[in-house]
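Topology and contacts: notes
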Amino acid sequence: MLELVRPQVGLHEAWSDAHAEWGPGLHEDGFGITPYDDVETDDGFRTWAGRLIARRGAYWWIVQDGRVLGGIALRSPGDEGVQQLGHVGYGIRPSARGRGVATWALGQVLSHASRIGIDPVVIVCREDNAGTIAMMEHYSATLVSTERRGSVRVRRYAVSRSHKRPG
Ligand SMILES: CC(C)(COP(=O)(O)OP(=O)(O)OC[C@H]1O[C@@H](n2cnc3c(N)ncnc32)[C@H](O)[C@@H]1OP(=O)(O)O)[C@@H](O)C(=O)NCCC(=O)NCCS
């Protein structure tokens, strides 16, 4: 069974297993890791998880049978990152991709966003992010704009509270 759980110290080992699969670098979308976070040691992990819980907005880990499959974050409307990055960020560990995990997790977070009054939910992705673009179609998102950011083009989507549910 897939679950969204809040960051928790008890999942350090399972989380590290997923983290190792991504390889080096800060590319784990949806996990809220910064260059200053020590996620390797128990103390550092506890501090980082505590910071995530205390931050504005919400972070969840996507867990199945004790295995961390990915992370998903919902930025609060006042967060300065919303304009550039949208409300939602997410990432799925490579070995768990292509079986609907991100689609499921996004559906859960869209429901949460609706309950707390975020409407529409803005999602920003690179124009070459075929996975996210497919999901936007599933959730009947509106393409609001395409923008150039340096050498990449990004798409900005809006998912209204009345979005269609896939499947
Ligand atoms: C994008 C990402 C989150 C998708 O996760 P996922 O769990 O594999 O997605 P799903 O299995 O729910 O698939 C969603 C849709 O995207 C399609 N898809 C997923 N990866 C794809 C790819 N590489 N190329 C083409 N289509 C892809 C799936 O086929 C599915 O469409 P369908 O239902 O019509 O078949 C994952 O690849 C990832 O973590 N990428 C790196 C981080 C990232 O890009 N985050 C998003 C930033 S906006």
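Relevant structure appears above.
Some points on the overall build of the chain
Along the chain, the regular secondary structure elements total 5 helices and 7 strands. What you see in the chain, going N to C, is helices and strands ordered as β-α-α-β-β-α-β-α-β-α-β-β. On C-alpha atoms alone, the chain measures out to a radius of gyration of 16 Å, which is about the 15 Å that the 2.2 N^0.38 rule sets for 167 residues. Oriented by its inertia axes, the alpha-carbon framework of the chain measures out at about 45 × 35 × 30 Å. Taking all 167 residues of the chain together, 44% fall into the buried category. In the chain, once contacts between residues fewer than 6 apart in sequence are set aside, the share between residues at least 24 apart is 60%. Summing over all exposed atoms, the chain offers an accessible surface of approximately 8800 Å²; the carbon and sulfur share of this is 51%. Each charge sign in the chain was given a centre, from 20 positive and 19 negative side chains, and these centres are 8 Å apart.

A short note on the pairing of strand β3 (residues 67-74)
With 7 of its 8 residues buried, β3 lies for the most part within the structure. Bridge analysis of strand β2 (residues 58-64) against β3 gives 7 bridges, and the strand direction is antiparallel. Looking at the pairing, I62 lines up with G70 of β3. Pairing between β3 and strand β4 (residues 88-92): 5 bridges, direction antiparallel. Following the sheet pairing, A73 is matched in β4 by G89.

A word on the environment of S16
With respect to the helices, strands and loops of the structure, S16 is situated in helix α1 (residues 12-22). Owing to a relative accessible area of 26%, S16 belongs among the partly exposed residues under this scheme. Taking the C-alpha atoms as reference points, S16 and Y157, separated by 141 residues in sequence, lie 32 Å from one another.

Quick notes on the pattern of salt bridges
This structure, assessed with the given rule, holds 9 salt bridges. Where R149 meets E147, a salt bridge forms, and the shortest distance between an N and an O atom there is 3.2 Å. Residue class for R149 comes out partly exposed when judged on its relative accessible area of 25%. Note that E147 and R156 form a salt bridge whose closest N and O atoms lie 2.8 Å from each other. Beyond isolated ion pairs, a larger network of salt bridges with shared partners links D17, E21 and R93.

Concerning the packing of aromatic side chains
Counting across every chain of the model gives 8 aromatic pairs. Measuring from ring centre to ring centre gives 5.4 Å for W15 and F45, while their planes differ by 55°; the resulting arrangement is tilted. Of this pair, W15 sits in helix α1 while F45 sits in helix α2 (residues 42-54); the two residues are 30 residues apart in sequence, bridging distant segments of the chain. There is no split in this pair, since W15 and F45 are both buried. Cation over ring: R97 sits above W22, and NZ or CZ is 5.2 Å from the ring centre.

What about unusual backbone geometry?
Cis geometry is adopted by the peptide bond preceding P120, which originates at D119 and carries an omega value of 0°. Take P120: it is sitting in the loop between α4 (101-115) and β5 (121-126). The phi dihedral of D65 is positive, around 50°, even though this residue is not glycine. Residue position: D65 is located in the loop between β2 and β3. Positive phi outside glycine occurs at S140, with the angle close to 45°. What makes S140 partly exposed here is its relative accessible area of 34%.

Quick notes on the rules
As a convention, each chain's residues are numbered from 1 in the sequence order in which they are written. Totals for whole chains, interfaces and linings use every residue, but because this is a predicted model, local features are given only for residues with pLDDT of at least 70 and side-chain atom pairs only at 80 or more, for both listing and counting. Based on all heavy atoms of the structure, the side-chain values leave hydrogens and waters out of the count. In DSSP terms, a helix is any run of H or I states spanning at least four residues, a strand is any run of E spanning at least two, and both are numbered starting from the N terminus. The quantity called the radius of gyration is restricted to C-alpha atoms. Its globule counterpart is 2.2 Å times the number of residues to the power 0.38. Summary of the burial criterion: residues with accessible area below 20% of their type's maximum are buried, those above 50% are exposed, and those between are partly exposed, where the area comes from a 1.4 Å probe applied to protein chains only. Note on contacts: a residue pair qualifies if any of its non-hydrogen atoms lie within 4.5 Å across the two residues. Here, Shrake-Rupley sampling with a 1.4 Å probe gives the accessible areas, and only protein chains in the shown set may cover a residue. A residue counts as positive if it is Lys or Arg and as negative if it is Asp or Glu; His and the chain ends are not included. Here the site of a charge means atom NZ of a Lys, CZ of an Arg, CG of an Asp or CD of a Glu. Whether two strands pair comes down to DSSP finding at least two bridges between them. Salt-bridge detection follows one rule: a side-chain nitrogen of Lys or Arg within 4 Å of a carboxyl oxygen of Asp or Glu. Geometry of aromatic contacts follows a simple scheme: Phe, Tyr and Trp rings, the Trp one being its six-membered ring, pair when their centres are within 6.5 Å, and the pair is stacked under 30 degrees between planes, edge-to-face over 60, tilted otherwise. Working rule: Lys NZ or Arg CZ, within 6 Å of ring centre, within 35 degrees of ring normal, means a charge sits over the ring.

Remember, this is a structural readout, not a statement about activity or role.
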